[in-house]
Amino acid sequence: MAELLLDVNNLVTKFKTADGKLSAVRGVSFSVNKGETVCIVGESGCGKSITSLSIMNLLPNNGEISEGSVRFLGQELTKMRQDELRKLRGNKMAMIFQEPMTALNPVFTVGFQIREPLKIHKRLSQREAHRKGIELLKQVGIPYPEKRMSQYSHELSGGMRQRVMIAIALACRPSLLIADEPTTALDVTIQAQILDLIDDLKEELGMGVIMVTHDMGVVAEVADRVMVMYAGEKIEEADVESLFSNPQHPYTKGLLKSVPNVDDRNHQLEAIPGTLPNLNEVITGCRFHNRCEFATEKCRTQSPKTFTVNDEHTVRCWLQEVEQHDESAATASSNQ
Amino acid sequence: MVGLIIRRMLQLVVLLIGISFIVFMSMHLSPGDPASIIGGPTATESDIEAIRNNLGLNDPVLVQYANYMTGVVQGDLGFSYQTKQSVSEAIITRFPNTLNLAIASMIVAVVIGVTAGIISALKQNSWIDVSSTVVSLAGISIPNFWLGTVLILVFSVGLQWLPVGGLSEPFWTIEGMKQLILPAITLGTGSAAMIARMSRSTMLEVIRADFVRTARAKGVKEKTVIWVHALRNAMIPVITVIGLNFGFLLGGTIITEQVFAINGVGRLMIEAIAARDFPMVQGSVLLVAALFVLVNLIVDLIYSVIDPRISYD
Ligand SMILES: Nc1ncnc2c1ncn2[C@@H]1O[C@H](COP(=O)(O)OP(=O)(O)OP(=O)(O)O)[C@@H](O)[C@H]1O
Ligand SMILES: [Mg+2]
């Protein structure tokens, strides 16, 4: 029986901007079980990072969660006081950021930065924290960990910095790890190593992992479940097999078509036409309709409801209505 | 590190030679004859000629310069034309006053500037931020002599809380501090304003930095996030401004000492210039230049301490 770790319900995150309050995340719901990896995918700007930061309550200061709930280990995070949240952050839930080059503080040693969460949450002494820090660096595959402890981030390569970030995130053995494109800024070999590392540690610690990415290759490698986002909304969610073998939303299909395929040399790479709307654009109906080749009148006027493809697979697209209608019509006629 | 210090000392020597040359030439080429000032209104032409001969003022300028520099190299800054006192002695007796004033002003500038800058950044666009911005702009534009005069009128003449001027007591006594406070505020305000502007803008940048978010993601207390993680990064550019302002402050001592009747090197310099007392002017300018270089060296050393990315080896 899967154990529920995180339950996000109807999350709405808004930014105060010169154009007024704009929603970057629009009513997103999903959950993460213990030991499960959920991938969030979608184009740049669709709201993946903001969804992650909303969970951690680390939004930029013009952003706020204006609706919805985030339940983590049975506690409601959106109503929690800052000092209580602080006790969870870096302890029960941890995050690795998109940009390893700037995520570490340039004026403190690696050792200082890795000892910090251990001292705060585990109340370790300087010496214990130091020993534990070395152990963590070793665990994430950093050579000469003792030496690294006294180095500064500018003395490390991008891959090493991201490993240090992972070590920091894992220092207190969190139940939930949010990895926001942990490998986008790194080269391919390092990328594979980091993903393997996160996967191994997930098994070892039984963590739940939210992996944000826009790389379908990464999804195929690590995901148990996948949530596809478009312009602030969740448009499709499925287990990884179902999503790759039977994608429903035209946008998801487009994403999958834009991935190169080595096995099939004749595979045509297709970019999805058009671009993601700006936060301040008002769009009626389905937010994808102006880029969708199958869009109908209904798509232009009415926001799609959620259709169930199977137990693990849901999609928000009016085309489902036609298909499901056809199917039921087909079954009905065959029954005659 | 040692390399840097040696390099700077060599630079200092070159710099001092250059400065002494420029000051020497401009003093000798500008109108005004020290001999007739020394001789006074009753001196005859031959008296003045005798004084001139005596001081070596009839030698070619370059020879005079060479003679002067020969003395300087041996640690002899010459004698005042006016008082016949040794220049080094005159400077040494006056220098502590100037140094106290400069350091006190620097402390005022750094404490007020950095605190105001950080609070402004943390409470961006609040009334505190807006008023600090307005006060800073005023602080940058108000001339020292005006501010000094107003402070004296209000606190010394009006309220009679503080002495009108002078700096006779040591700074560690209550009386000494009372004497130092108005001049330090007068001189420090402009720098405080500049430091506040700089601290605000770098702090605003730093609190949005990724590594600050990382610190929060680790569960670090907000106070520690600001005063440890952010501050040290924000201070790096501010240190430069502080260093530059020290030079600005040294220049400002001339006027401030005048306004508050403080017997410091600044006042010595003004009097010496008025009296065409060449050796005294030379000596004080050289001291100020050396001090400026020294402060910049200290700034660079502080840099390498707070920013590990900077190394002088
Ligand atoms: N501080 C902010 N103020 C206003 N809008 C913001 C702010 N931060 C992000 N946004 C907007 O919110 C939207 C979602 O951004 P988000 O960073 O979540 O995208 P993303 O899916 O993570 O993209 P990427 O793949 O490029 O990381 C974008 O349109 C972005 O412009
Ligand atoms: Mg992102």
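Structure shown above.
Residues numbered from 1 in each chain as written. Chains lettered and ligands numbered in written order. Predicted model: local features only at pLDDT ≥ 70, side-chain atom pairs only at ≥ 80, totals over all residues. Heavy atoms only, no water.

Visitor: Describe the pairing of strand E1 (residues 4–17) of chain A, with residues and values.
Guide: Residues and elements named next belong to chain A. With eleven bridges joining them, E1 and strand E2 (residues 20–33) adopt antiparallel strand pairing. Each residue of the ladder has a partner; that of Leu-6, found in E2, is Val-32. Counting the residues in the hairpin turn of E1 and E2 gives two residues. Two strands pair when backbone bridges link them, and E1 and strand E4 (residues 63–72) are joined in this way by eight bridges, in the antiparallel orientation. Within E4, the residue paired with Val-12 across the bridge is Glu-67. (Pairing = 2+ DSSP bridges. Helix = DSSP H or I, 4+ residues; strand = E, 2+ residues; numbered from the N terminus.)

Visitor: Help me get a handle on the coordination of the magnesium ion (ligand 2), residues and values and all.
Guide: Residue and element names in this part refer to chain A. Every protein donor of the magnesium ion (ligand 2) is listed here as Ser-49 (OG) and Gln-98 (OE1), and their distances to the metal cover 1.9 to 2.6 Å. Note that Ser-49 is positioned in helix H1 (residues 48–56) and Gln-98 in the loop between strand E6 (93–96) and helix H3 (100–103), a separation of 49 residues in sequence. Look at Gln-98 and you get partly exposed, because its relative accessible area is 31%. (Donors = N, O, S within 2.8 Å, 3.2 Å for Na, K, Ca; no water. Buried < 20%, exposed > 50% of the residue type's maximum accessible area, 1.4 Å probe, protein only.)

Visitor: Please provide a residue-by-residue account of the environment of Asp-187 of chain A, values included.
Guide: Within the fold, Asp-187 of chain A resides in the loop between strand E7 (176–180) and helix H8 (188–205). The partly exposed category is assigned to Asp-187 of chain A, whose relative accessible area is 48%.

Visitor: Got a sec to walk through a nonpolar patch on the surface? Specific residues and values, please.
Guide: Residue and element names in this part refer to chain B. On the surface, Met-1, Val-2, Ile-5, Ile-6, Met-9, Leu-10, Leu-294, Ile-298 and Ile-302 cluster together into a nonpolar patch covering about 770 Å² of accessible area. Elements supplying a minimum of two residues to the nonpolar patch: helix H1 (2–29) and helix H12 (278–306). Among the elements that make up the nonpolar patch, the one with the highest residue count is H1 (five residues). Structurally, the position occupied by Ile-5 is in helix H1. (Patch = residues over 30% accessible without salt bridge, like charges linked within 9 Å, V, L, I, M, F, W, Y side chains within 5 Å. Areas by Shrake-Rupley, 256 points an atom, 1.4 Å probe, with all protein chains shown as cover. Salt bridge = Lys/Arg side-chain N within 4 Å of Asp/Glu carboxyl O.)

Visitor: Residues and numbers for the site of ligand 1, please.
Guide: Residues and elements named next belong to chain A. Lining the immediate environment of ligand 1, one finds 17 residues, of which Ser-44, Gly-45, Ser-49, Ile-50 and Gln-98 sit closest. A distance of 2.4 Å separates an oxygen atom of ligand 1 from a polar atom in the side chain of Ser-44. Contact distances for ligand 1 include 2.8 Å between an oxygen atom and a backbone N or O atom of Ile-50. Protein chains shield 72% of the accessible area of ligand 1, which is 640 Å² for the free molecule. Listed by contribution, the elements that provide at least two residues to the shell around ligand 1 are E1 and H1. The greatest single-element share of the shell around ligand 1, amounting to three residues, is contributed by H1. Within the shell around ligand 1, the residues separate by chemical class into six nonpolar, eight polar and three charged. (Near = heavy atom within 4 Å. Polar contact = N/O pair within 3.5 Å; in protein donor to acceptor, adjacent residues only side chain to side chain. Nonpolar A, V, L, I, M, F, W, Y, C, P; charged D, E, K, R; others polar.)

Visitor: Tell me about the sheet that holds E7 of chain A, and name the residues and values.
Guide: Residue and element names in this part refer to chain A. Sheet architecture is open: eight strands sit in the order E6-E7-E8-E3-E9-E10-E12-E11, paired in mixed fashion. Only two strands of the sheet have a single partner each, and these edge strands are E6 and strand E11 (306–310). Pairs of neighbouring strands in the sheet enclose a mean axial angle of 20 degrees, with direction left out of account. Relative to strand E10 (residues 233–239), strand E9 (residues 225–230) is paired through six bridges, and the arrangement is antiparallel. Each bridged residue has a counterpart across the sheet, and for Arg-225 the counterpart in E10 is Asp-239. Across the face of the sheet, helix H7 (residues 158–170) comes into contact with E6 and E7 while running at roughly 175 degrees to E6. (Axes fitted to C-alpha atoms, helices over the stretch in contact; angles between N-to-C directions. Contact = heavy atoms within 4.5 Å.)

Visitor: Lay out the sheet that holds E4 of chain A in plain terms, naming residues and giving numbers.
Guide: All names here are of chain A. Taken in spatial order, the four strands line up as E2-E1-E4-E5 in an open sheet, and their pairing is antiparallel. Of all strands in the sheet, those bounded by a partner on one side alone are E2 and strand E5 (75–76). Most of the contacts of H1 go to E1, to which it runs at about 110 degrees, and overall it touches E1, E2 and E4.

Visitor: I'd like a description of the pairing of strand E3 (residues 37–41) of chain A, backed by residues and values.
Guide: Residues and elements named next belong to chain A. A large share of E3 lies buried, amounting to five of its five residues. Residues Thr-37, Cys-39 and Val-41 line one face of E3 and the alternating positions Val-38 and Ile-40 line the opposite face, and both faces are buried. For E3 and strand E8 (residues 208–213), the ladder comprises five bridges, and the chain directions are parallel. Across the sheet, the residue bridging to Val-41 is Thr-213, located in E8. Of the strand pairs in this sheet, E3 and E9 are connected by four bridges, and their pairing is parallel. When the sheet's bridge partners are listed, Val-41 is paired in E9 with Val-228.

Visitor: Which residues make up the interface of chain A and chain B, and what are the values?
Guide: Counting from both sides, the interface comprises 26 residues of chain A and, opposite them, 21 residues of chain B. Counting across the interface, chain A meets chain B through one salt bridge. The tally of links from chain A across to chain B stands at twelve residue pairs in polar contact (both at pLDDT 80 or more). When contributions to the side of chain A that touches chain B are tallied by element, the ones reaching two or more residues are H1, H3, helix H4 (110–122) and H7 of chain A. For the side of chain A that touches chain B, the element with the most residues is H4 of chain A, which contributes six residues.

Visitor: Give a description of the side chain of Glu-36 of chain A that names residues and reports values.
Guide: Residues and elements named next belong to chain A. Within the element layout of this structure, Glu-36 appears in the loop between E2 and E3. Polar contacts involving the side chain of Glu-36 include one to the main-chain amide nitrogen of Asn-33, which spans 2.8 Å. The residues touching Glu-36, leaving out its near neighbours within four places in the chain, are Ser-31, Lys-202, Met-207, Gly-208, Val-209, Asp-224 and Arg-225.

Visitor: Explain the packing of aromatic side chains to me, using residue names and the numbers behind them.
Guide: For the structure on display, the rule yields eight aromatic pairs over all chains. Relative to Phe-288 of chain A, the ring of Tyr-251 of chain A lies with its centre 5.3 Å away and its plane at 70 degrees, an arrangement referred to as edge-to-face. With Tyr-251 of chain A in helix H11 (residues 250–257) and Phe-288 of chain A in the loop between H11 and helix H12 (297–301), the pair connects residues that are 37 residues apart, well separated along the chain. Taken as a pair, Tyr-251 of chain A and Phe-288 of chain A share a single burial class, namely buried. When the ring of Phe-24 of chain B is compared with that of Tyr-65 of chain B, the centres are 5.3 Å apart and the planes differ by 65 degrees; the resulting orientation is edge-to-face. A residue pair is termed long-range when its members are at least 10 positions apart, and Phe-24 of chain B in helix H1 and Tyr-65 of chain B in helix H4 (residues 61–73) qualify at 41 residues. (Phe/Tyr/Trp six-rings, centres within 6.5 Å; stacked < 30°, edge-to-face > 60°.)

Bear in mind that shape data such as this cannot, by itself, settle questions of function.
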